[in-house]
Amino acid sequence: MSTVSGKEAVSTEKATRAVPDHDPARGRDQAMTAGQAAGGRPIPPPRAVSAPRAWLRLLGSEVGLTFRRPRNLAMLGVLTVIPVLIGIALRMFAGTGGDGTGAPMIFERITGNGLFLTFAALSLLVQLMLPVCVAVVAGDSIAGEAGIGTLRYLLAAPAGRTRLLAVKYACVVVFCLAAVTAVALSALLVGLLLFPAGPITLLSGGTIPFLDGVLRIGVVVLYVTAGMAALGAVALALSTLTEVSVGAIASTVVIVIAAQVLRAVPQLSVLQPYLLTEWWSGFDGVLRDPVAIGDMGQGLLVFAAYAAVFCSIAWARFTGKDITA
Amino acid sequence: MSIRARRGRTVRWAVPAAAIAVIAGAIGAGPVIAAVQGDPALPERTAEQLLASAAQAGRAGLKPMSGTVMQTASLGLPGLPEVPGMGGSSPVALLSGSHELKVWYGGADKVRFALPGRMSETDLITNGDQVWLWQSDENRATRVKAGSGERGEEAARAHEALPTATTPQQLAQQLLRRVGADTVVSVSNTEKVADRAAYQLAFAPKDPSSLVKEVKLALDGETLVPLRVQVYARSAAEPAFEVGFTSVTFSPPAAENFTFTPPTGAKVEETSLAELLKERRPERGEGFEDAEKLKSEVGTVGEGWTTVAVIPVSEQELTGQGQGEGSSGAGIGAIGDALLKSAKPISGTWGSGKVIQTKLVSALLTDDGRLLVGAVTPEKLSEAAGRK
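Residues numbered from 1 in each chain as written. Chains lettered and ligands numbered in written order. Predicted model: local features only at pLDDT ≥ 70, side-chain atom pairs only at ≥ 80, totals over all residues. Heavy atoms only, no water.

1. Some points on the packing of helix 9 (residues 161–194) of chain A against helix 10 (residues 210–241) of chain A
All names here are of chain A.
Now for step 1: Put simply, helix 9 and helix 10 touch, their axes get as near as 8 Å, and they point 145° apart. Considering only the axes of helix 9 and helix 10, their crossing is right-handed.
Now for step 2: A per-class count over the contact of helix 9 with helix 10 returns 20 nonpolar, four polar and one charged. (Axes fitted to C-alpha atoms, helices over the stretch in contact; angles between N-to-C directions. Helix = DSSP H or I, 4+ residues; strand = E, 2+ residues; numbered from the N terminus. Left-handed = near helix turned anticlockwise from the far one by under 90°. Nonpolar A, V, L, I, M, F, W, Y, C, P; charged D, E, K, R; others polar.)

Right, dumping it as structure tokens:
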């Protein structure tokens, strides 16, 4: 895969020159000396660009690569199609939807108000589809580069491992936001096209204007993004542990499924507040009156805790790791 | 690999270890920190003074307030079956685990209770003579008509329509009635409930055959409003049952909380309180459709903490055979089945039967058709069965 941006192309030559005497433990030091050794060549000195700008440039190139990969685009496409399918199915079979037991009532609400399709689609996809997509992107971020041998060249750039990791994680967060927004926008459009729109009835029985409802959808999008970003941190940490990206992706998905199974066992209800998956669908607080900030705040704290722990694990592993590929 | 590199790596791994330690500390040490910080400087008061002022404060009426009540039950019931049609906010689900109830109180005639579920909510809103029960699950708003003349009393009882709407106030009143000569009462003034300094009264039964070790009642230090009730069983360090505020504010809640207009598209029904209670009663697990008739047949043995209720009943009734149709009847039946399965056989001079013991309550079903229930050891139940 072509992970070579303009800057890396320059450093490739330096890196290959430095490879012969490779002591893998000192990969980073080598990169530094290689940069100095190549001082005679007409490359712009690293200090010419200020740190934030260099950071942004690296992030830009990473984000560009992520959103140009056909696989990632296909995943976003599937995420966009699912709300359309739900919408069409509900439109066609409206009123015949079973006896109401088992199926969440929120699906019956959709036929009355298109905005509910957004909430329904997000609460459905957040269980497995979105986590799988995030796991693929985040699990691939480091392990994928290591697997095809481009990680060395990335590290040869005078960016430093910490910055590279930060950029990779920021890129994962951007993808999370894009994926959640794709679902929300597609559901919003389909909902408005197929069903009547208007003031929204909240779970508490109150009614809010349409625009207020759209605003609350925005809050939900940010909340779900935060939840996915926490999973992204887990996948990133796993990604630094292996050079086989499928391993990192699969283990992240297994963790998600295991957490869902633990959630379903009533005897283990003690564990529930500590499970990441428990909080993903906790955005129903925005549909209450007054908005239940407490529960969502607690969810955000859990996400932050997961992100902090797993980002620091990823950092500890990645900055001390032997880069052999 | 050089020693320095190895040491560097160790230092690096200290960062995630520290992150985990900080988070674990924040989870585990929250209450500890609160306990260490808190010597809330509440003036010392005896139990009698406290109860008297609390009763006085109660008579003066509750101040406007709002808050979140958490109910946690770990009664040690045998695994209850999942009953279809009874979701997370159903009365049966309340027998185990934690449940949240939100309360807005703006005065005696302005009360709102909300029972949040996943993507659903049940609300009970009282505003003047308007009482609404809103169930988002069923998209149904029920207007409760108050009977003429007895409106005040009806409004006070309206909370019974909502299964968990037991506030600490109501429990405290029941508790105060039970305090007698067979109880050890103690007071502490260093409690903290919902971030407020509180007095805590502890009532411990003297009789060793009681399964209850202690009942603790926390009163707000400033307003003397009951904030928490905890029931401890002899067999466990954690409370077997707890209901209390996790957050509370003593300021008038926003007026929007008490206005309710049925949303468009919702089913709107009208019912009277009596019908609503009748409809709800069987679900509350308190018994059967002929609960009223049964009440007159119930006898008691003993008094105080070790009172044992004797109810004439047969096994068929318990397992739901011959029960009316409907999910609530079937639900009770399924639970009765599950409970009977875990029952142990017992026999005595009075005959034989089956006994079920949970952390707080024991029940004995004798073969001659009596059900004995009490917060006592099975031995005591057996003794009570012999007394007839």
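There's plenty left to go through after this.
2. Some remarks on the pattern of salt bridges
Now for step 1: A full pass over the atoms with the stated rule returns 14 salt bridges over all chains.
Now for step 2: Among the salt bridges present, the one from Arg288 of chain A reaches Asp284 of chain A, with a minimum N-O distance of 3.4 Å. Residues Arg288 of chain A and Asp284 of chain A agree in their burial class; the two are buried.
Now for step 3: Shared partners join several salt bridges into a network, and the residues in it are Asp284 and Arg288 of chain A together with Arg112, Glu121 and Asp123 of chain B. (Salt bridge = Lys/Arg side-chain N within 4 Å of Asp/Glu carboxyl O. Buried < 20%, exposed > 50% of the residue type's maximum accessible area, 1.4 Å probe, protein only.)

3. A look at the nonpolar core
Now for step 1: In this structure, Leu130, Met228 and Phe283 of chain A are the most contacted members of the largest nonpolar core, which totals 59 residues.
Now for step 2: Ranked by residue count, the leading element in this core is helix 9 of chain A, at ten residues.
Now for step 3: Non-local contacts of Met228 of chain A, meaning those with residues more than four positions away in its chain, are made with Val126, Leu130, Pro131, Val134, Cys176, Val180 and Trp280 of chain A.
Now for step 4: Within the second largest apolar cluster, 40 residues are counted, among which are Leu217, Val248, Phe250 and Leu360 of chain B. (Core = buried A, V, L, I, M, F, W, Y, C linked by side-chain atoms within 4.5 Å. Contact = heavy atoms within 4.5 Å.)

4. A short note on helix 7 (residues 129–147) of chain A
Residues and elements named next belong to chain A.
Now for step 1: An ideal rise of 1.5 Å per residue puts 27 Å on 19 residues; helix 7 measures up with 25 Å between its terminal C-alpha atoms.
Now for step 2: The largest bend in helix 7 comes to about 50°, at Ser141.
Now for step 3: Counting buried residues in helix 7 gives 16 out of 19 residues, a clear majority hidden from the surface.
Now for step 4: Immediately beyond the C-terminal end of helix 7, within one or two residues, lies Gly149, with a positive phi of roughly 80°. (Expected span 1.5 Å × (residues − 1). Bend = angle between axes of the 7 residues up to and from the residue.)

5. A closer look at the sheet that holds strand 18 (residues 370–374) of chain B
Residues and elements named next belong to chain B.
Now for step 1: Taken together, the six strands give an open sheet; going across it, the order is 13-14-18-17-16-15, and neighbouring strands pair in antiparallel fashion. The open sheet has two edge strands, strand 13 (299–301) and strand 15 (344–348), and neither has a second partner. When strand polarity is set aside, the average angle formed by the axes of neighbouring strands in this sheet is 30°.
Now for step 2: Inspection of the sheet shows strand 16 (residues 351–357) paired to strand 17 (residues 362–366) by five bridges, in the antiparallel sense. Following the sheet pairing, Lys354 is matched in strand 17 by Leu365. (Pairing = 2+ DSSP bridges.)

6. Describing a nonpolar patch on the surface
Residue and element names in this part refer to chain A.
Now for step 1: There is a patch of nonpolar side chains on the surface, built from Ile88, Met92 and Phe93 and spanning about 330 Å² of accessible area.
Now for step 2: Here Phe93 is to be found in the loop between helix 4 (70–92) and helix 5 (105–110).
Now for step 3: Judged by relative accessible area, which is 52%, Phe93 ranks as exposed. (Patch = residues over 30% accessible without salt bridge, like charges linked within 9 Å, V, L, I, M, F, W, Y side chains within 5 Å. Areas by Shrake-Rupley, 256 points an atom, 1.4 Å probe, with all protein chains shown as cover.)

7. Digging into the packing of aromatic side chains
Now for step 1: Taken as a whole, this structure holds six aromatic pairs over all chains when the rule is applied.
Now for step 2: When the ring of Phe67 of chain A is compared with that of Phe175 of chain A, the centres are 6.0 Å apart and the planes differ by 40°; the resulting orientation is tilted. Separated by 108 residues along the polypeptide, Phe67 of chain A in helix 3 (residues 51–68) and Phe175 of chain A in helix 9 bring together distant segments of the chain.
Now for step 3: With a centroid separation of 6.0 Å and an interplanar angle of 55°, the aromatic rings of Phe116 of chain A and Phe119 of chain A are classed as tilted. Taken together, the residues Phe116 of chain A and Phe119 of chain A, both in helix 6 (residues 116–125) and three residues apart, mark about one turn of the helix. Of the two residues examined, Phe116 of chain A and Phe119 of chain A, each falls in the buried class.
Now for step 4: Put simply, the rings of Trp132, Trp134 and Phe260 of chain B pair up and form one aromatic cluster.
Now for step 5: If you follow Arg161 of chain A out to its NZ or CZ, it ends over the ring of Phe318 of chain A, 5.9 Å from the centre.
Now for step 6: Between Arg112 of chain B and the ring centre of Trp104 of chain B, over which it is positioned, the NZ or CZ distance is 4.1 Å. (Phe/Tyr/Trp six-rings, centres within 6.5 Å; stacked < 30°, edge-to-face > 60°. Lys NZ or Arg CZ within 6 Å of the ring centre and 35° of its normal.)

8. Brief notes about the pairing of strand 9 (residues 212–220) of chain B
Residues and elements named next belong to chain B.
Now for step 1: For strand 9, a buried count of eight out of nine residues is recorded, marking the element as mostly surrounded by other parts of the structure.
Now for step 2: One ladder, built from six bridges, connects strand 8 (residues 196–205) with strand 9; its direction is antiparallel. Bridge pairing in strand 9 places Leu201 opposite Leu217.
Now for step 3: Adjacent in sequence and paired antiparallel, strand 8 and strand 9 are bridged by six residues.
Now for step 4: In this structure, strand 9 lies alongside strand 10 (residues 226–233), joined through seven bridges in antiparallel fashion. Counterpart to Glu214 in the pairing with strand 10 is Tyr232.
Now for step 5: With antiparallel pairing between neighbouring strands as the criterion, strand 9 and strand 10 make up a hairpin whose turn holds five residues, including Leu224 at a positive phi of roughly 60°.

9. Here's the deal with the confidence of the model for chain B
All names here are of chain B.
Now for step 1: Summary statistics for chain B give a mean pLDDT of 74 and a share of 68% for residues scoring 70 or more.
Now for step 2: Mean pLDDT across the elements of chain B bottoms out in helix 3 (residues 151–157) (49) and peaks in strand 10 (89).
Now for step 3: Taken together, the stretch residues 81–90 has pLDDT below 50 and engages in 14 contacts with residues farther than four places along the chain or on a different chain.
Now for step 4: Counted against residues more than four places away or in other chains, residues 320–329, with its pLDDT under 50, gives eleven contacts.
Now for step 5: Our summary of model confidence lists the complex with pTM equal to 0.74 and ipTM equal to 0.71. (pLDDT = per-residue confidence, 0-100.)

10. Things to note about the interface of chain B and chain A
Now for step 1: Contact residues are listed per partner, giving 29 residues for chain B and 33 residues for chain A.
Now for step 2: Between chain B and chain A the total buried area reaches about 2,600 Å² when both faces are included, carbon and sulfur atoms providing 58% of it.
Now for step 3: Considering only the surface of chain B that becomes buried against chain A, Arg12, Arg118 and Met119 of chain B emerge as the three largest contributors, covering 29% of it.
Now for step 4: If you look at where chain B meets chain A, you find one salt bridge.
Now for step 5: Between Arg288 of chain A and Glu121 of chain B there is a salt bridge, with the nearest N and O atoms lying 2.7 Å from each other.
Now for step 6: For the pair chain B and chain A, the number of links is six residue pairs in polar contact (both at pLDDT 80 or more).
Now for step 7: Breaking the side of chain B that touches chain A down by element, the ones donating at least two residues are helix 1 (3–37), strand 2 (96–107), strand 3 (110–117) and strand 4 (120–127) of chain B.
Now for step 8: Counting residues per element, the side of chain B that touches chain A draws most heavily on helix 1 of chain B, at nine residues. (Buried area = accessible area lost by both parts, 1.4 Å probe. Polar contact = N/O pair within 3.5 Å; in protein donor to acceptor, adjacent residues only side chain to side chain.)

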